[in-house]
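The residues making up each chain are set out below.
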Amino acid sequence: MNLLNINVPKDRASMILDHYTGAESYSTTLYLYKSNIVFWEEGNKYSAEMEIDLNKNPKKAKMIKQTLAREYGSFLITFLNADFSNAENAYNTFFVYYGLECLNHIDNIRKKYPIEYTSRYVSTKKFLDYYNKAFELVKKDYIKFQKDIRNTVDFVFNLHENNSSSDLDRVSKFLAYSIAIDLLEHFFSSMRFSIVKGYNKDDIKEYDNNDKIEELAYEIANDKTNNMCAYLYESTSHFALAYISLNDLIRNTKKNISICQNCGRYFLPSSGKEIYCELFNLDGSPSCRSYASRKTYEGKIIDNVAELTYKREYQRRITRVYRSDETEKTMRQKEFALWKTKARKQLSLYRQGKITQQDFCEWIEKNK
Ligand SMILES: [Zn+2]
């Protein structure tokens, strides 16, 4: 299926929210400053993922146009948790993923700092100049909108001491709260909406009678087939996209938003019972969930050797990929993607207690 074959827009971002498959994808112009793109599936150009690399040589940063895939709900959660207190933190926790194109809805930037789209990305210096100035102009708006959308989420999902009546449904609560605080006031409500077809004429030839169509309907009902059309939202505002993401989650899914009992960040539990998140930590430390489960097993706080071993080997390999010259880069990238898939499988076996720490470390050693 070719759902994601969409042009990367200029001065805007487009996003597909697919709660059927649990995926979310987006396209915008990005500048790979402190970040790299890796592919989690060999040969699949739509499987690009963003990896933060705080130690990356700034001279190696460059502009890319790429569709990126993340888990459903990632944009919303990243926005809720972002640290907009200063330019550097805001970049590391939000703009590194989603870029600067959606700042444009704020007329201030265009008036006060009217730099052309193309010249923003010609060098790291130009990029940072633009980003730092633009961020100062939008900072207050981002902090205010984030506060409002956090309060909305708290009200709808009964978080941070909210405790409203269980008779009320989420949609009504969402609408009531967003009216009361005028959430829509923050952004232009107009955006481009497209329905993207995920099949072509040849794919559908066989569905020529009602029995076959019924069969297809069963497959869809049982989730055996991918969603064959997707809704694509294109906007010039991160705020509008955050609103759309929250709206979609509340109306189209049964997913809850929780607060992690270890780090206090918002997260999407995959079942109703989880109290710790699996969010990425900028300092490379293990996720709250693996840390917490480890703590429960051991009954005391110790460093998690398996998680650290994984992290170290991961860093070693990714550094090797990005230090390699152009001729071997593609090969190294493939090698890395293949290793990552296998290593994550092993790590997940370890986290589930199916293999021991020693087994895991031995596997890493053998596969060096
Ligand atoms: Zn956490």
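Small disclaimer: the values here were computed from a predicted structure and weren't measured.

Colleague: Got a minute to help me understand the overall build of the protein chain in this structure?
Modeller: A tally of helices and strands in the protein chain yields eleven helices and nine strands. The globule rule puts the C-alpha radius of gyration for 368 residues at 21 Å, and the 22 Å found for the protein chain is close to it. On the principal axes, the C-alpha backbone points of the protein chain span a range of 60 × 55 × 55 Å. Residue pairs at least 24 apart in sequence account for 63% of intrachain contacts in the protein chain once pairs closer than 6 positions are excluded.

Colleague: Where do I start with the domain arrangement of the protein chain in this structure?
Modeller: Often the size quoted for an interface is simply the accessible area lost on bringing the parts together. Along its sequence, the protein chain is carved into domain 1 (13-255) and domain 2 (303-368). On a C-alpha basis, the centroid separation for the pair domain 1 and domain 2 is 29 Å. A total of three residues in the side of domain 1 that touches domain 2 trace back to one element, the largest contributor, which is strand E3 (residues 35-39). The class makeup of the residues in the side of domain 1 that touches domain 2 is three nonpolar, one polar and four charged.

Colleague: Even after reading the chapter, I still don't get the nonpolar core, so can you show me in this structure?
Modeller: Nonpolar side chains in soluble globular proteins tend to be buried together. Counting 62 residues, the largest nonpolar core has Ala134, Leu241, Ala242 and Leu246 as its most contacted members. Counting residues per element, this core draws most heavily on helix H4 (residues 124-156), at eleven residues. Sequence-distant contacts of leucine 246, defined by excluding residues within four places in its chain, comprise Leu76, Ile149 and Val153. The next biggest cluster of nonpolar side chains, apart from the first, holds six residues, and it includes Ala306, Leu347, Tyr350 and Trp363.

Colleague: Just to check I follow, could you spell out H4 for this structure?
Modeller: One turn of an α-helix holds 3.6 residues; hence residues three or four places apart share an orientation. With 33 residues, H4 extends just 41 Å between its outermost C-alpha atoms, more than 12% less than the 48 Å of an ideal straight helix rising 1.5 Å per residue. Once H4 finishes, asparagine 158 follows within two positions and takes phi at roughly 55 degrees, a positive value.

How each quantity is defined
Residues numbered from 1 in each chain as written. Predicted model: local features only at pLDDT ≥ 70, side-chain atom pairs only at ≥ 80, totals over all residues. Helix = DSSP H or I, 4+ residues; strand = E, 2+ residues; numbered from the N terminus. Rg over C-alpha atoms; globule rule 2.2 N^0.38 Å. Contact = placed C-beta atoms within 7 Å. Domains from an automatic or database assignment. Nonpolar A, V, L, I, M, F, W, Y, C, P; charged D, E, K, R; others polar. Core = buried A, V, L, I, M, F, W, Y, C linked by C-beta atoms within 7 Å. Buried ≥ 20, exposed ≤ 12 C-beta atoms within 10 Å, placed from the backbone. Expected span 1.5 Å × (residues − 1).

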